[in-house]
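Notes for the structure review
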Amino acid sequence: MKFLMWLVLAVLVVLALRKKSSTISSAQQQAPLDGGSTGSSPNPNPNSANQHAETMVCCEHCQVYVPSSEAVYRQQQVFCSVAHADLH
Ligand SMILES: [Zn+2]
């Protein structure tokens, strides 16, 4: 009966390790997906990590710095959002 208890314990440990590694690998798989789809991503954290390597541009309306990939370009001016671009 003691053997059975150790067996259950070992299975639990293996399951816990598998869960850990699967969450890590899934997080790694999600990161490039979020980076590929620029714009409104549901998970902003991996995206913000990528933004550090990106060129930051200044909004003509509110002077807020946004990554160039997310900026709105209109009439050779840069805006943080379509709403601010429409104001000009
Ligand atoms: Zn703005």
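Placed above this text is the structure.
To start, this report covers the structure provided alongside it.

A few points about the coordination of the zinc ion
Reference geometry at the metal: tetrahedral coordination by four donors gives ideal angles of 109.5 degrees; octahedral coordination by six donors gives 90 or 180 degrees. Here the zinc ion is held by the protein donor atoms Cys59 (SG), Cys62 (SG), Cys80 (SG) and His84 (ND1), which lie 1.9 to 2.4 Å from it. Because the angles between the 4 donor atoms bound to the zinc ion fall within 95 to 126°, the donor set is best described as tetrahedral. Mapped onto the polypeptide sequence, the residues donating to the zinc ion form the spacing pattern C-x2-C-x17-C-x3-H.

Brief notes about a nonpolar patch on the surface
A contiguous nonpolar patch, built from Met1, Phe3, Leu4, Leu7, Val8, Val11, Leu12 and Leu15 and spanning about 880 Å² of accessible area, is present on the exposed surface. With respect to the helices and strands, the residue Leu4 is situated in helix 1 (residues 2-36).

A closer look at the side chain of His84
Summarising the element assignment, His84 is placed in helix 3 (residues 82-86). Owing to a relative accessible area of 19%, His84 belongs among the buried residues under this scheme.

Remarks on unusual backbone geometry
Phi at Gln63 is positive, roughly 60°, even though this residue is not glycine. With respect to the helices and strands, Gln63 occurs in the loop between strand 1 (56-58) and strand 2 (65-67). Positive phi, close to 60°, is recorded for Gln76, a residue that is not glycine. Structurally, the position occupied by Gln76 is in the loop between strand 3 (72-74) and strand 4 (77-79). Overall, Gln76 belongs to the exposed group, its relative accessible area being 87%.

Definitions and limits used
- Along each chain, residue indices are assigned from 1 in the same order as the chain's sequence is written.
- Under the rules for a predicted model, residues below a pLDDT of 70 receive no local features and side-chain atom pairs below 80 are neither given nor counted, while totals for whole chains, interfaces and linings still include all residues.
- Hydrogen atoms and water are omitted, and side-chain values are computed over all heavy atoms in the structure.
- With water excluded from the atoms, a metal site may look incomplete; its donors are any N, O or S atoms within 2.8 Å, or within 3.2 Å for Na, K and Ca.
- Between 85 and 135 degrees for all angles marks four donors as tetrahedral; over 155 degrees for opposite donors together with 65 to 115 for all other angles marks four donors as square planar and six as octahedral; every other arrangement is irregular.
- Nonpolar side chains (Val, Leu, Ile, Met, Phe, Trp, Tyr) are joined into patches within 5 Å and like charges within 9 Å, using only residues with over 30% relative accessible area and no salt bridge.
- Using a 1.4 Å probe, the Shrake-Rupley method yields the accessible areas, and only the shown protein chains count as cover for residues.
- Salt bridge, as applied in this entry: a Lys or Arg side-chain nitrogen positioned within 4 Å of an Asp or Glu carboxyl oxygen.
- Secondary structure follows DSSP: runs of H or I at least 4 residues long count as helices, runs of E at least 2 residues long count as strands, and numbering of each begins at the N terminus.
- Summary of the burial criterion: residues with accessible area below 20% of their type's maximum are buried, those above 50% are exposed, and those between are partly exposed, where the area comes from a 1.4 Å probe applied to protein chains only.

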